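Residue-level listing of the chains:
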Amino acid sequence: MPAFIGDLNQSTMKLQIDSSSIYDSVGSYAQRTLVDGNGRRLSHTWILEDRIQALQEQQGWSGCLSIAREFYLINDNQLGVRPAAEVAQLRTKRLLQTANKLGQNECIVLNTSCKFCEIEASINIIESGSFQFGIFVGASSNFREFTSINLDTSGTGITIDRSRSSLLPWVALGPISTQFNVPVSNSYQLRVFVENSVIEVFVNDMFVSTARIYPSLQEGQIG
């Protein structure tokens, strides 16, 4: 979804655009916002289904709402988006996992599985060059199924790779790739929300990417 920042002419109701950016992926639409009593601009967006129409009709519903999000301005010229502070109240059990250093093709598997969880990751890059890092969610114990959330440190964007997310034949397995133009940095903050079939990935409180996955093995490990 594109965002435009500028000044609205109240007489002509035309927006003088100063800057624009992409803040969400193609996995959602129909954004609705409101200003709360504290002056925050809060929002929900509708998240599309990615399975066949016949199954949606059979289950009697289609799509769902995202978690509550807050929009804010960065340096008065860029739109930022982050989970609303109240979302933290949904947290129950806390699992802490740290790693001093991970090399190429190395992975840590957390000793947990869940269908509903929040992952908060602080990632510091100590080597120069461009490469990808990411998080696995919805993984089976033998990695027959998994979804990979990949961020490119060259600043080109984020990809939710669903090619191995399910063994089922009637769900979408294509990648959700969005060119967010993530500022090149040596530090990244990721907040990933897994809510049954929904993934919402927030990067540096600047962008969010949304996708649907439908694992069939129902193990849901994280790595």
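Here the structure is shown first, and the text comes after it.
Parameters and conventions
- Residues numbered from 1 in each chain as written.
- Predicted model: local features only at pLDDT ≥ 70, side-chain atom pairs only at ≥ 80, totals over all residues.
- Heavy atoms only, no water.
- Pairing = 2+ DSSP bridges.
- Helix = DSSP H or I, 4+ residues; strand = E, 2+ residues; numbered from the N terminus.
- Axes fitted to C-alpha atoms, helices over the stretch in contact; angles between N-to-C directions.

Draft legend 1. A look at the sheet that holds strand 12 (residues 176-178). In space, the four strands of this open sheet follow the order 9-10-11-12, with antiparallel pairing throughout. Edge positions in the sheet fall to strand 9 (132-137) and strand 12, since each has one partner strand and no second. Across the sheet, the axes of successive neighbouring strands diverge by a mean angle of 10°, strand direction being ignored. With five bridges joining them, strand 10 (residues 147-152) and strand 11 (residues 157-161) adopt antiparallel strand pairing. Bridge pairing in strand 11 links Asp152 to Gly157.

Draft legend 2. Representation of the pairing of strand 13 (residues 187-195) within the structure. The pairing of strand 8 (residues 116-124) with strand 13 spans nine bridges and is classified as antiparallel. Note that in strand 13 the partner of Ala121 across the bridge is Leu190. The pairing of strand 13 with strand 14 (residues 198-203) spans six bridges and is classified as antiparallel. Residue Leu190 lies in a different strand from strand 14, and its bridge partner there is Val203. In this structure, the hairpin formed by strand 13 and strand 14 is closed by a connection of two residues, where Asn196 is found at a positive phi of approximately 60°.

So yeah, pure geometry; function would need other evidence.
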